[in-house]
Amino acid sequence: MTDKFQAPRGFHDILNSDIKKFRRITHVCRELLESHGFEEIILPVVEFAQLFEKSIGEATDIVQKEMFVFTDRKGRKLALRPEGTAGTVRAYIQNRLYAFKPYHKLFYEGPMFRYERPQAGRYRQFHQIGAEIFGVSDPLADLELILLIGEILNRLEIEAVIEINSLGCKKCRPAYRASLVNYLHTVAGNLCDVCLERKDRNPLRVLDCKEKTCKEAIVSAPKSVDFLCQECSEHYRKLKAYLQETNLAYRENHLLVRGLDYYTRTVFEAVSDKLDTTLIAGGRYDYLVEEFGGPPTPALGFAVGVERLMLLIDSPLKDYSFYLIIPFGEVHSYALKVAEQFKGTGRRVEISYRKGGLKKQLEFANKVKADYVVIVGEREMKEGKVTLKDMKSGQQETLSFEEIQSFLRC
Ligand code: HAM
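Residues numbered from 1 in each chain as written. Predicted model: local features only at pLDDT ≥ 70, side-chain atom pairs only at ≥ 80, totals over all residues. Heavy atoms only, no water.

Draft legend 1. Seen up close, the nonpolar core. Among the nonpolar cores identified, the biggest contains 49 residues, and Phe 134, Leu 184 and Leu 191 are the most heavily contacted of them. No other element matches helix α4 (residues 85-94), which puts 5 residues into this core. Domain assignment of the residues forming this core places at least three in each of domain 1 (3-172 + 228-310) and domain 2 (179-221). Those residues in contact with Phe 134 that lie beyond four places of it in its chain are Thr 88, Val 89, Tyr 92, Pro 102, Tyr 103, His 104, Leu 106, Tyr 285, Val 289, Thr 297, Pro 298 and Ala 299. Of all hydrophobic cores here, the second largest spans 47 residues; its members include Ile 149, Leu 243, Ala 270 and Leu 300. (Core = buried A, V, L, I, M, F, W, Y, C linked by side-chain atoms within 4.5 Å. Buried < 20%, exposed > 50% of the residue type's maximum accessible area, 1.4 Å probe, protein only. Helix = DSSP H or I, 4+ residues; strand = E, 2+ residues; numbered from the N terminus. Domains from an automatic or database assignment. Contact = heavy atoms within 4.5 Å.)

Quick look at the structure:
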(Lines give C-alpha, C1' and ligand atoms only; values in the text may rest on other atoms or scores of the structure.)
Protein backbone atom coordinates (compact mmCIF):
# COMPACT_ATOMS: atom_id res chain seq x y z
CA MET A 1 0.00 0.00 0.00
CA THR A 2 1.33 3.48 -0.78
CA ASP A 3 1.48 6.28 1.77
CA LYS A 4 -1.43 7.85 -0.03
CA PHE A 5 -3.76 5.40 1.64
CA GLN A 6 -2.50 5.76 5.18
CA ALA A 7 -4.05 8.08 7.71
CA PRO A 8 -2.10 11.36 7.94
CA ARG A 9 0.54 11.51 10.69
CA GLY A 10 -1.03 12.05 14.09
CA PHE A 11 -4.49 10.89 12.93
CA HIS A 12 -5.45 7.48 14.17
CA ASP A 13 -8.13 4.83 13.99
CA ILE A 14 -9.67 3.63 17.23
CA LEU A 15 -10.76 0.02 17.04
CA ASN A 16 -10.91 -3.39 18.73
CA SER A 17 -10.41 -3.29 22.49
CA ASP A 18 -9.55 0.43 22.36
CA ILE A 19 -13.14 1.14 21.40
CA LYS A 20 -14.23 -0.42 24.69
CA LYS A 21 -11.82 1.80 26.61
CA PHE A 22 -12.96 4.86 24.67
CA ARG A 23 -16.63 4.09 25.33
CA ARG A 24 -16.01 3.33 28.98
CA ILE A 25 -14.34 6.72 29.48
CA THR A 26 -17.03 8.66 27.65
CA HIS A 27 -19.76 6.69 29.43
CA VAL A 28 -18.32 7.41 32.89
CA CYS A 29 -17.80 11.12 32.11
CA ARG A 30 -21.20 11.63 30.51
CA GLU A 31 -22.99 9.85 33.33
CA LEU A 32 -21.21 11.90 35.98
CA LEU A 33 -21.69 15.22 34.19
CA GLU A 34 -25.36 14.58 33.50
CA SER A 35 -25.94 13.55 37.11
CA HIS A 36 -24.38 16.90 38.13
CA GLY A 37 -26.84 18.80 35.94
CA PHE A 38 -24.55 19.54 32.98
CA GLU A 39 -26.44 19.76 29.69
CA GLU A 40 -24.91 18.61 26.45
CA ILE A 41 -24.02 21.00 23.66
CA ILE A 42 -22.88 19.76 20.25
CA LEU A 43 -20.47 22.28 18.78
CA PRO A 44 -19.20 22.70 15.23
CA VAL A 45 -15.78 21.27 14.48
CA VAL A 46 -14.92 24.37 12.42
CA GLU A 47 -15.00 27.96 13.69
CA PHE A 48 -13.52 31.23 12.47
CA ALA A 49 -9.80 31.08 13.25
CA GLN A 50 -10.05 34.43 14.98
CA LEU A 51 -12.18 32.94 17.74
CA PHE A 52 -9.24 30.81 18.83
CA GLU A 53 -6.62 33.47 18.15
CA LYS A 54 -8.43 35.91 20.40
CA SER A 55 -9.33 33.50 23.20
CA ILE A 56 -6.43 31.04 23.44
CA GLY A 57 -4.00 33.89 22.73
CA GLU A 58 -1.90 35.04 19.76
CA ALA A 59 1.35 34.21 21.54
CA THR A 60 0.46 30.65 22.57
CA ASP A 61 1.90 27.53 20.95
CA ILE A 62 -1.59 26.41 19.97
CA VAL A 63 -2.26 29.55 17.92
CA GLN A 64 1.29 30.09 16.68
CA LYS A 65 2.11 26.59 15.56
CA GLU A 66 -0.63 24.08 16.11
CA MET A 67 -3.84 25.18 14.45
CA PHE A 68 -5.17 23.59 11.29
CA VAL A 69 -6.16 26.76 9.46
CA PHE A 70 -7.64 27.01 5.97
CA THR A 71 -9.55 29.47 3.86
CA ASP A 72 -12.98 28.64 2.50
CA ARG A 73 -14.19 29.37 -1.03
CA LYS A 74 -14.98 32.93 -0.05
CA GLY A 75 -11.52 33.51 1.42
CA ARG A 76 -12.62 33.37 5.06
CA LYS A 77 -10.04 32.07 7.52
CA LEU A 78 -11.41 29.03 9.34
CA ALA A 79 -9.82 26.58 11.77
CA LEU A 80 -10.43 23.04 12.97
CA ARG A 81 -11.13 23.51 16.65
CA PRO A 82 -8.07 22.88 18.84
CA GLU A 83 -10.27 22.81 21.98
CA GLY A 84 -13.89 23.28 23.06
CA THR A 85 -13.98 26.24 25.45
CA ALA A 86 -13.82 29.00 22.83
CA GLY A 87 -16.63 27.42 20.81
CA THR A 88 -18.78 26.98 23.92
CA VAL A 89 -18.28 30.64 24.82
CA ARG A 90 -19.20 31.65 21.26
CA ALA A 91 -22.33 29.47 21.40
CA TYR A 92 -23.26 30.80 24.86
CA ILE A 93 -23.23 34.36 23.54
CA GLN A 94 -24.66 33.67 20.07
CA ASN A 95 -27.62 31.74 21.52
CA ARG A 96 -28.06 34.31 24.30
CA LEU A 97 -28.14 31.55 26.88
CA TYR A 98 -27.45 34.14 29.59
CA ALA A 99 -30.92 35.54 29.00
CA PHE A 100 -32.64 32.32 30.07
CA LYS A 101 -31.02 31.25 33.32
CA PRO A 102 -28.72 32.89 35.87
CA TYR A 103 -26.11 30.23 35.31
CA HIS A 104 -25.43 27.37 32.91
CA LYS A 105 -23.62 24.07 33.12
CA LEU A 106 -22.73 22.64 29.74
CA PHE A 107 -20.69 19.72 28.45
CA TYR A 108 -19.44 18.62 25.04
CA GLU A 109 -17.50 15.76 23.59
CA GLY A 110 -15.72 15.26 20.32
CA PRO A 111 -12.56 15.48 18.27
CA MET A 112 -10.09 18.35 18.60
CA PHE A 113 -7.17 19.11 16.28
CA ARG A 114 -3.67 20.35 17.04
CA TYR A 115 -0.64 20.14 14.81
CA GLU A 116 1.65 18.73 17.49
CA ARG A 117 4.56 16.31 17.27
CA PRO A 118 2.82 12.95 17.68
CA GLN A 119 3.91 10.58 20.44
CA ALA A 120 2.17 8.21 22.87
CA GLY A 121 -0.99 9.99 24.05
CA ARG A 122 -0.38 13.00 21.81
CA TYR A 123 -2.14 13.14 18.49
CA ARG A 124 -3.12 15.68 15.88
CA GLN A 125 -6.73 14.55 16.17
CA PHE A 126 -7.69 13.61 19.71
CA HIS A 127 -10.89 13.58 21.74
CA GLN A 128 -11.98 15.66 24.67
CA ILE A 129 -14.96 15.65 26.97
CA GLY A 130 -15.27 19.14 28.36
CA ALA A 131 -17.47 20.74 31.01
CA GLU A 132 -18.05 24.47 31.39
CA ILE A 133 -19.94 26.51 34.00
CA PHE A 134 -21.08 30.03 33.08
CA GLY A 135 -22.26 32.64 35.55
CA VAL A 136 -20.80 31.45 38.86
CA SER A 137 -17.96 33.25 40.61
CA ASP A 138 -18.30 31.34 43.90
CA PRO A 139 -15.31 29.03 44.54
CA LEU A 140 -17.89 26.32 45.23
CA ALA A 141 -18.07 25.92 41.45
CA ASP A 142 -14.28 25.46 41.30
CA LEU A 143 -14.70 22.87 44.04
CA GLU A 144 -17.44 21.06 42.10
CA LEU A 145 -15.25 20.75 39.01
CA ILE A 146 -12.19 19.60 40.94
CA LEU A 147 -14.27 16.99 42.79
CA LEU A 148 -15.74 15.85 39.48
CA ILE A 149 -12.25 15.34 38.11
CA GLY A 150 -11.43 13.31 41.22
CA GLU A 151 -14.56 11.22 40.72
CA ILE A 152 -13.82 10.55 37.04
CA LEU A 153 -10.35 9.29 37.98
CA ASN A 154 -11.80 7.28 40.81
CA ARG A 155 -14.42 5.55 38.71
CA LEU A 156 -11.87 4.72 36.03
CA GLU A 157 -9.42 3.53 38.71
CA ILE A 158 -6.71 5.86 37.43
CA GLU A 159 -4.00 7.04 39.77
CA ALA A 160 -3.27 10.72 39.27
CA VAL A 161 -2.59 13.80 41.33
CA ILE A 162 -4.76 16.87 41.14
CA GLU A 163 -2.74 20.06 41.21
CA ILE A 164 -4.11 23.55 41.74
CA ASN A 165 -2.81 27.08 41.52
CA SER A 166 -4.19 30.61 41.24
CA LEU A 167 -3.04 32.93 38.47
CA GLY A 168 -4.86 36.04 39.69
CA CYS A 169 -6.94 38.46 37.66
CA LYS A 170 -6.55 41.55 35.48
CA LYS A 171 -5.86 43.59 38.60
CA CYS A 172 -3.07 41.54 40.12
CA ARG A 173 -1.61 39.59 37.18
CA PRO A 174 0.33 42.53 35.65
CA ALA A 175 2.49 42.99 38.77
CA TYR A 176 3.21 39.26 38.87
CA ARG A 177 4.00 39.19 35.16
CA ALA A 178 6.39 42.12 35.49
CA SER A 179 8.15 40.50 38.43
CA LEU A 180 8.44 37.21 36.53
CA VAL A 181 9.86 38.92 33.43
CA ASN A 182 12.45 40.69 35.63
CA TYR A 183 13.38 37.39 37.21
CA LEU A 184 13.63 35.62 33.86
CA HIS A 185 16.06 38.28 32.66
CA THR A 186 18.34 37.46 35.58
CA VAL A 187 18.43 33.77 34.62
CA ALA A 188 18.30 34.29 30.85
CA GLY A 189 21.70 32.61 30.39
CA ASN A 190 20.22 29.31 31.57
CA LEU A 191 17.03 29.33 29.50
CA CYS A 192 16.55 27.20 26.40
CA ASP A 193 16.22 28.97 23.03
CA VAL A 194 12.42 28.69 23.02
CA CYS A 195 12.12 30.20 26.51
CA LEU A 196 14.61 32.95 25.71
CA GLU A 197 12.22 34.01 23.02
CA ARG A 198 9.15 33.41 25.21
CA LYS A 199 10.30 35.24 28.31
CA ASP A 200 8.92 38.64 27.27
CA ARG A 201 6.12 37.50 24.99
CA ASN A 202 4.59 34.76 27.13
CA PRO A 203 6.64 34.56 30.35
CA LEU A 204 4.26 32.26 32.26
CA ARG A 205 4.92 29.48 29.76
CA VAL A 206 8.58 29.41 30.77
CA LEU A 207 7.41 27.91 34.09
CA ASP A 208 6.02 24.99 32.12
CA CYS A 209 9.14 24.19 30.10
CA LYS A 210 10.33 20.58 30.25
CA GLU A 211 14.01 21.42 29.53
CA LYS A 212 16.27 20.57 32.49
CA THR A 213 18.12 23.91 32.46
CA CYS A 214 14.86 25.87 32.43
CA LYS A 215 13.43 23.74 35.24
CA GLU A 216 16.48 24.55 37.34
CA ALA A 217 16.44 28.23 36.38
CA ILE A 218 12.88 28.79 37.57
CA VAL A 219 13.17 27.16 41.00
CA SER A 220 13.28 30.55 42.72
CA ALA A 221 10.93 32.33 40.32
CA PRO A 222 8.27 34.56 41.90
CA LYS A 223 4.95 32.82 42.55
CA SER A 224 1.62 34.11 41.29
CA VAL A 225 -0.01 33.36 44.67
CA ASP A 226 2.25 35.94 46.31
CA PHE A 227 0.82 38.67 44.09
CA LEU A 228 -2.91 37.93 44.40
CA CYS A 229 -5.19 40.89 45.11
CA GLN A 230 -7.56 40.75 48.08
CA GLU A 231 -10.44 39.21 46.05
CA CYS A 232 -8.33 36.61 44.28
CA SER A 233 -6.61 35.72 47.50
CA GLU A 234 -9.94 35.27 49.26
CA HIS A 235 -11.27 33.15 46.39
CA TYR A 236 -8.25 30.87 46.52
CA ARG A 237 -8.32 30.66 50.32
CA LYS A 238 -11.96 29.63 50.31
CA LEU A 239 -11.40 27.02 47.60
CA LYS A 240 -8.60 25.45 49.62
CA ALA A 241 -10.73 25.52 52.78
CA TYR A 242 -13.54 23.73 50.91
CA LEU A 243 -11.08 21.20 49.54
CA GLN A 244 -9.76 20.52 53.06
CA GLU A 245 -13.26 19.52 54.09
CA THR A 246 -13.35 16.77 51.46
CA ASN A 247 -11.12 13.74 51.35
CA LEU A 248 -9.79 14.55 47.91
CA ALA A 249 -6.01 14.40 47.66
CA TYR A 250 -4.64 17.46 45.90
CA ARG A 251 -1.48 19.49 45.94
CA GLU A 252 -0.64 23.09 45.24
CA ASN A 253 1.77 23.60 42.38
CA HIS A 254 2.90 27.19 42.20
CA LEU A 255 4.50 26.54 38.83
CA LEU A 256 1.22 25.39 37.33
CA VAL A 257 0.34 27.67 34.43
CA ARG A 258 -1.69 26.70 31.43
CA GLY A 259 -0.93 26.76 27.72
CA LEU A 260 -3.95 28.95 26.97
CA ASP A 261 -4.13 32.66 27.77
CA TYR A 262 -7.74 32.95 28.87
CA TYR A 263 -7.27 31.68 32.41
CA THR A 264 -7.83 33.78 35.53
CA ARG A 265 -7.68 32.77 39.17
CA THR A 266 -7.91 29.01 39.70
CA VAL A 267 -6.21 26.59 37.35
CA PHE A 268 -6.06 22.85 37.90
CA GLU A 269 -4.73 19.70 36.27
CA ALA A 270 -4.80 15.98 36.92
CA VAL A 271 -1.34 14.67 36.17
CA SER A 272 -0.09 11.13 35.94
CA ASP A 273 3.38 10.35 37.23
CA LYS A 274 3.27 7.16 35.19
CA LEU A 275 2.89 9.01 31.91
CA ASP A 276 4.49 12.28 32.99
CA THR A 277 1.65 14.10 31.28
CA THR A 278 -1.57 15.96 31.92
CA LEU A 279 -4.76 13.94 31.73
CA ILE A 280 -7.45 16.45 32.57
CA ALA A 281 -7.02 20.20 32.76
CA GLY A 282 -8.96 23.40 33.25
CA GLY A 283 -9.59 26.50 35.25
CA ARG A 284 -11.41 29.82 35.40
CA TYR A 285 -11.74 32.26 32.54
CA ASP A 286 -13.77 35.07 34.08
CA TYR A 287 -13.29 37.62 31.26
CA LEU A 288 -13.72 35.56 28.13
CA VAL A 289 -17.49 35.91 27.70
CA GLU A 290 -17.25 39.66 28.09
CA GLU A 291 -14.28 39.88 25.74
CA PHE A 292 -16.40 38.22 23.06
CA GLY A 293 -19.23 40.70 23.49
CA GLY A 294 -21.37 38.89 26.08
CA PRO A 295 -22.35 40.26 29.48
CA PRO A 296 -19.75 40.05 32.27
CA THR A 297 -19.91 36.35 33.13
CA PRO A 298 -17.48 34.51 35.37
CA ALA A 299 -16.84 31.06 33.93
CA LEU A 300 -14.75 27.95 34.41
CA GLY A 301 -14.34 24.45 33.06
CA PHE A 302 -12.13 21.50 32.32
CA ALA A 303 -11.47 19.02 29.55
CA VAL A 304 -10.65 15.33 29.76
CA GLY A 305 -8.17 13.99 27.21
CA VAL A 306 -9.78 10.70 26.25
CA GLU A 307 -6.73 9.16 24.54
CA ARG A 308 -4.55 10.02 27.55
CA LEU A 309 -6.91 8.19 29.91
CA MET A 310 -7.06 5.27 27.48
CA LEU A 311 -3.36 4.69 28.11
CA LEU A 312 -4.09 4.17 31.79
CA ILE A 313 -7.12 1.91 31.85
CA ASP A 314 -6.76 -1.74 31.18
CA SER A 315 -10.12 -3.06 32.22
CA PRO A 316 -12.58 -2.49 29.38
CA LEU A 317 -16.30 -2.63 30.10
CA LYS A 318 -17.36 -6.14 30.93
CA ASP A 319 -18.71 -7.70 27.77
CA TYR A 320 -22.23 -9.00 27.48
CA SER A 321 -22.10 -12.75 27.09
CA PHE A 322 -22.27 -13.49 23.41
CA TYR A 323 -24.63 -16.03 21.84
CA LEU A 324 -23.97 -16.93 18.21
CA ILE A 325 -26.93 -18.57 16.49
CA ILE A 326 -25.85 -21.01 13.80
CA PRO A 327 -28.63 -21.89 11.38
CA PHE A 328 -28.46 -25.12 9.32
CA GLY A 329 -30.83 -25.59 6.38
CA GLU A 330 -34.00 -23.64 5.59
CA VAL A 331 -34.57 -22.37 9.12
CA HIS A 332 -34.14 -18.65 8.74
CA SER A 333 -37.46 -17.46 10.15
CA TYR A 334 -37.14 -19.96 13.02
CA ALA A 335 -33.63 -18.58 13.75
CA LEU A 336 -35.14 -15.08 13.95
CA LYS A 337 -37.70 -16.38 16.46
CA VAL A 338 -34.87 -17.91 18.51
CA ALA A 339 -33.00 -14.57 18.43
CA GLU A 340 -36.17 -12.92 19.80
CA GLN A 341 -35.80 -15.05 22.95
CA PHE A 342 -32.64 -13.14 23.88
CA LYS A 343 -34.05 -9.67 23.38
CA GLY A 344 -34.02 -7.47 26.47
CA THR A 345 -32.00 -10.01 28.46
CA GLY A 346 -28.74 -8.02 28.37
CA ARG A 347 -27.09 -10.62 26.09
CA ARG A 348 -25.46 -10.06 22.76
CA VAL A 349 -27.04 -12.30 20.14
CA GLU A 350 -26.19 -12.64 16.46
CA ILE A 351 -27.18 -14.98 13.67
CA SER A 352 -24.07 -16.23 11.87
CA TYR A 353 -23.67 -15.35 8.19
CA ARG A 354 -20.84 -17.86 7.90
CA LYS A 355 -21.59 -20.70 5.48
CA GLY A 356 -20.29 -24.24 5.91
CA GLY A 357 -20.47 -27.29 8.14
CA LEU A 358 -20.48 -27.49 11.92
CA LYS A 359 -16.67 -27.65 12.19
CA LYS A 360 -16.21 -24.43 10.23
CA GLN A 361 -18.99 -22.73 12.16
CA LEU A 362 -17.48 -23.68 15.52
CA GLU A 363 -14.07 -22.42 14.39
CA PHE A 364 -15.73 -19.17 13.43
CA ALA A 365 -17.51 -18.99 16.81
CA ASN A 366 -14.14 -19.36 18.53
CA LYS A 367 -12.61 -16.67 16.36
CA VAL A 368 -15.33 -14.15 17.18
CA LYS A 369 -15.13 -15.16 20.88
CA ALA A 370 -18.71 -16.38 21.24
CA ASP A 371 -19.48 -17.64 24.74
CA TYR A 372 -22.27 -19.92 23.49
CA VAL A 373 -23.42 -21.19 20.14
CA VAL A 374 -27.10 -21.82 19.58
CA ILE A 375 -27.49 -24.48 16.92
CA VAL A 376 -30.72 -24.23 14.99
CA GLY A 377 -31.25 -27.05 12.45
CA GLU A 378 -34.31 -28.57 10.85
CA ARG A 379 -34.64 -31.13 13.66
CA GLU A 380 -34.60 -28.36 16.30
CA MET A 381 -37.16 -26.38 14.30
CA LYS A 382 -39.49 -29.39 14.10
CA GLU A 383 -39.26 -29.93 17.87
CA GLY A 384 -39.47 -26.20 18.70
CA LYS A 385 -36.09 -26.39 20.45
CA VAL A 386 -32.46 -25.28 20.11
CA THR A 387 -29.11 -26.88 20.89
CA LEU A 388 -27.08 -24.69 23.21
CA LYS A 389 -23.33 -25.29 23.36
CA ASP A 390 -21.13 -23.70 26.02
CA MET A 391 -17.92 -22.85 24.13
CA LYS A 392 -15.79 -22.90 27.26
CA SER A 393 -16.82 -26.24 28.74
CA GLY A 394 -17.87 -27.82 25.44
CA GLN A 395 -21.10 -29.05 27.09
CA GLN A 396 -24.25 -28.93 25.07
CA GLU A 397 -27.93 -29.53 25.70
CA THR A 398 -31.20 -29.24 23.83
CA LEU A 399 -33.59 -26.70 25.29
CA SER A 400 -37.16 -25.56 24.65
CA PHE A 401 -37.97 -21.84 24.57
CA GLU A 402 -39.17 -21.98 28.19
CA GLU A 403 -35.95 -23.69 29.18
CA ILE A 404 -33.92 -20.99 27.38
CA GLN A 405 -35.81 -18.35 29.34
CA SER A 406 -35.10 -19.97 32.69
CA PHE A 407 -31.44 -20.54 31.66
CA LEU A 408 -31.11 -16.81 30.85
CA ARG A 409 -32.69 -15.87 34.17
CA CYS A 410 -29.98 -17.59 36.23
P1 HAM B 1 -5.75 21.60 27.39
O2 HAM B 1 -4.88 21.42 28.57
O3 HAM B 1 -5.16 22.25 26.20
O4 HAM B 1 -7.03 22.41 27.88
O5 HAM B 1 -6.33 20.19 26.97
C6 HAM B 1 -7.07 19.41 27.87
C7 HAM B 1 -6.65 17.96 27.78
O8 HAM B 1 -6.73 17.52 26.42
C9 HAM B 1 -5.19 17.72 28.16
O10 HAM B 1 -5.04 17.61 29.54
C11 HAM B 1 -4.90 16.41 27.45
O12 HAM B 1 -5.38 15.32 28.21
C13 HAM B 1 -5.74 16.52 26.20
N14 HAM B 1 -4.90 16.87 25.04
C15 HAM B 1 -4.45 18.10 24.71
N16 HAM B 1 -3.72 18.04 23.58
C17 HAM B 1 -3.69 16.74 23.20
C18 HAM B 1 -3.11 16.01 22.11
N19 HAM B 1 -2.41 16.63 21.15
N20 HAM B 1 -3.31 14.67 22.04
C21 HAM B 1 -4.04 14.04 22.98
N22 HAM B 1 -4.62 14.67 24.02
C23 HAM B 1 -4.45 15.99 24.14
C24 HAM B 1 -8.07 22.73 27.07
O25 HAM B 1 -8.23 22.29 25.96
C26 HAM B 1 -9.09 23.64 27.73
N27 HAM B 1 -10.13 23.95 26.75
C28 HAM B 1 -9.66 22.98 28.97
C29 HAM B 1 -10.68 23.84 29.62
C30 HAM B 1 -12.02 23.71 29.54
N31 HAM B 1 -10.42 24.90 30.36
C32 HAM B 1 -11.56 25.45 30.75
N33 HAM B 1 -12.55 24.74 30.23
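Draft legend 2. Broad picture of the pattern of salt bridges. The full count for this structure, using the stated rule, is 28 salt bridges. The salt bridge partner of Arg 205 is Asp 208, with a shortest N-O separation of 2.6 Å. For Arg 205, a relative accessible area of 15% corresponds to the buried category. The shortest N-O distance in the salt bridge between Glu 252 and Lys 240 comes to 3.5 Å. Within this pair, whereas Glu 252 is found in strand β8 (residues 250-252), its partner Lys 240 is found in helix α9 (residues 230-244), the two being separated by 12 residues in sequence. Since its relative accessible area comes to 34%, Glu 252 is described here as partly exposed. Salt bridges here are not isolated pairs; linked through shared partners, they connect Arg 30, Glu 40 and Glu 109. (Salt bridge = Lys/Arg side-chain N within 4 Å of Asp/Glu carboxyl O.)

Draft legend 3. Just the sheet that holds strand β16 (residues 396-400), in detail. The strand order across the open sheet built from 5 strands is β13-β12-β14-β15-β16, with neighbouring strands paired in mixed fashion. Edge positions in the sheet fall to β13 (348-351) and β16, since each has one partner strand and no second. Ignoring which end each strand starts from, the neighbouring axes of this sheet average 25° apart. Alignment of strand β12 (residues 322-327) against β13, held across 4 bridges, turns out to be parallel. (Pairing = 2+ DSSP bridges. Axes fitted to C-alpha atoms, helices over the stretch in contact; angles between N-to-C directions.)

Draft legend 4. Layout of the sheet that holds strand β4 (residues 77-80). Reading across the sheet, the 3 strands line up as β2-β4-β3 and stay open at both edges, with antiparallel pairing between neighbours. Every interior strand has two partners, whereas the edge strands, β2 (46-48) and β3 (69-71), have only one. Neighbour to neighbour, the strand axes of the sheet diverge by 40° on average, direction disregarded. Bridge count for β2 against β4 is 3 bridges, and the pairing is antiparallel. Paired with Val 46 across the bridge in β4 is Leu 80. Where helix α2 (residues 49-56) meets the sheet, it contacts β2, β3 and β4, and its direction lies at approximately 70° from that of β2.

Draft legend 5. Fine view of the packing of aromatic side chains. The final tally for this structure, using the stated rule, is 13 aromatic pairs. A centroid spacing of 6.4 Å and a plane angle of 35° characterise the contact between Phe 11 and Phe 113, whose relative ring orientation is tilted. Placement of Phe 11 in the segment before α1 (17-35) and of Phe 113 in strand β5 (residues 104-113) is noted, with a sequence separation of 102 residues between them. Through a chain of ring-to-ring contacts, the aromatic side chains of Tyr 92, Tyr 98, Phe 134, Tyr 262, Tyr 263 and Tyr 285 assemble into a single cluster. The aromatic ring of Phe 292 is capped on one face by Lys 54, whose charged end is 4.9 Å from the ring centroid. Above the ring of Tyr 115, the side-chain terminus of Arg 124 is found at 3.8 Å from the ring centroid. (Phe/Tyr/Trp six-rings, centres within 6.5 Å; stacked < 30°, edge-to-face > 60°. Lys NZ or Arg CZ within 6 Å of the ring centre and 35° of its normal.)

Draft legend 6. Just the environment of Thr 186, in detail. Counting through the fold element by element, Thr 186 comes out in helix α6 (residues 173-186). Note: C-alpha distance between Thr 186 and Ala 217 (31 residues apart in sequence) is 9.5 Å.

Draft legend 7. Representation of α2. α2 sits mainly inside the fold: 6 of its 8 residues count as buried. Where the residues of α2 are buried, they touch β2, α3 (61-66), β3, β4, α4 and α10 (288-291).

Draft legend 8. Quick look at the side chain of Glu 380. Topologically, Glu 380 is positioned in helix α14 (residues 378-383). When its relative accessible area of 6% is taken as the criterion, Glu 380 is described as buried. Here the side chain of Glu 380 touches Thr 387 through a polar contact of 2.5 Å, side chain to side chain. The contacts of Glu 380, once residues within four sequence positions are left out, are Tyr 334, Ile 375, Lys 385, Val 386 and Thr 387. (Polar contact = N/O pair within 3.5 Å; in protein donor to acceptor, adjacent residues only side chain to side chain.)

Draft legend 9. Seen up close, the domain arrangement of the protein. The domain boundaries assigned to the protein delineate domain 1 (3-172 + 228-310), domain 2 (179-221) and domain 3 (322-409). Relative placement of domain 1 and domain 2: their C-alpha centres are 25 Å apart. The interface of domain 1 with domain 2 comprises 10 residues on the first partner and 8 residues on the second. For the domain 1 and domain 2 pair, buried surface summed over both sides reaches about 820 Å², with 53% attributable to carbon and sulfur atoms. By the criterion of area lost to domain 2, the three top residues of domain 1 are Ala 59, Leu 255 and Val 257, representing 56% of everything that side buries. Viewed at the interface, domain 2 and domain 1 are joined by 1 salt bridge. Linking Asp 61 and Arg 198 is a salt bridge whose minimum nitrogen-to-oxygen distance equals 3.2 Å. Summed over the shared surface of domain 1 and domain 2, the number is 3 residue pairs in polar contact (both at pLDDT 80 or more). Tallied by class, residues from the side of domain 1 that touches domain 2 come to 4 nonpolar, 3 polar and 3 charged. (Buried area = accessible area lost by both parts, 1.4 Å probe. Nonpolar A, V, L, I, M, F, W, Y, C, P; charged D, E, K, R; others polar.)

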